[in-house]
Amino acid sequence: MRKLVLVFVLSVFAFNVNAQNAEKAKKLLDEVSAKVNSYENIQIEFKYELNNKEANTKQESKGNVTLEGDKYLLNFLGFTKMYDTKKVYTIVPANEEVTITDADEDETSLSPSQMLTFYKNGYSYAWDILQNVRGRKIQYVKLTPIDSESDIKSVLLGIDIKTKHIYNLIETGKNGTNTTLTVNSFKTNQPLSKSLFIFDESKYEDYYIDKND
């Protein structure tokens, strides 16, 4: 009987601790989201790493993205992708090709405009480790997809405690693939050209333009 009481008490204690940790994690994520939404625009330079030891696959690349509200301009893996709130423009210089699609027809499930707030829906939260990275305190929050059929096993989101900016994202897939995005530069409220998010077809006269009409 005493053992049962002890197990019950420990279970209740563990539940309360987990609930408190989840609340701490949610509070920190809410602070990150509020900080992101307070900026007129954001410019990010990042490093991308993909590893799968079983498949002997390793890939590294760098990219940059400019965000203004829902609009974005992404340069990554040799292509440019732009969204003006109505259309998505994918420009591939190597193929001299431009593909124009409606936003709801775009195949990308997670757009750059969501990359700093994607965690707000579809995940449960857990407080994870605190690391010192070159003098910066990075607090990790573990995100677990609520959908059991998701290809994602978990996501670790590293947050700079001082700035409330995302430092990195480590995604672990159920297939053994680990993907890491590390923010190398994070600039806000920069002077942007008024034409930055406007597609100028005249610049691509020699390109094949697929409008998916």
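Residues numbered from 1 in each chain as written. Predicted model: local features only at pLDDT ≥ 70, side-chain atom pairs only at ≥ 80, totals over all residues. Heavy atoms only, no water.

Turning our eyes to something else, we now look at the nonpolar core. In this structure, Leu29, Phe118, Tyr119, Val141 and Leu143 are the most contacted members of the largest nonpolar core, which totals 31 residues. At the level of elements, helix 1 (2–37), strand 1 (42–52), strand 2 (57–68), strand 3 (71–76), strand 7 (123–133), strand 8 (136–145), strand 9 (152–160) and strand 10 (166–173) are the ones that each hand at least two residues to this core. Ignoring sequence-local partners within four residues, the contact set of tyrosine 119 consists of Leu29, Val32, Ser33, Tyr125, Leu143, Leu157 and Ile166. One finds Tyr89, Val98, Ile100 and Phe199 within the second-largest nonpolar core, a separate group that totals 10 residues. (Core = buried A, V, L, I, M, F, W, Y, C linked by side-chain atoms within 4.5 Å. Buried < 20%, exposed > 50% of the residue type's maximum accessible area, 1.4 Å probe, protein only. Helix = DSSP H or I, 4+ residues; strand = E, 2+ residues; numbered from the N terminus. Contact = heavy atoms within 4.5 Å.)

Glancing now at the packing of aromatic side chains. Applying the stated criterion to the full structure yields 8 aromatic pairs. With a centroid separation of 5.4 Å and 55 degrees between ring planes, the pair formed by phenylalanine 46 and phenylalanine 76 is classed as tilted. In this pair, phenylalanine 46 sits in strand 1 while phenylalanine 76 sits in strand 3, placing the two residues 30 residues apart along the sequence. Overall, phenylalanine 46 belongs to the buried group, its relative accessible area being 7%. By relative accessible area, which is 13% here, phenylalanine 76 ends up buried. A ring pair is formed by phenylalanine 76 and phenylalanine 79, whose centres lie 6.5 Å apart and whose planes are at 70 degrees; its orientation type is edge-to-face. We classify phenylalanine 79 as partly exposed; its relative accessible area is 23%. Here the aromatic cluster, defined as three or more aromatic residues joined through ring pairs, consists of Phe46, Tyr48, Phe76 and Phe79. (Phe/Tyr/Trp six-rings, centres within 6.5 Å; stacked < 30°, edge-to-face > 60°.)

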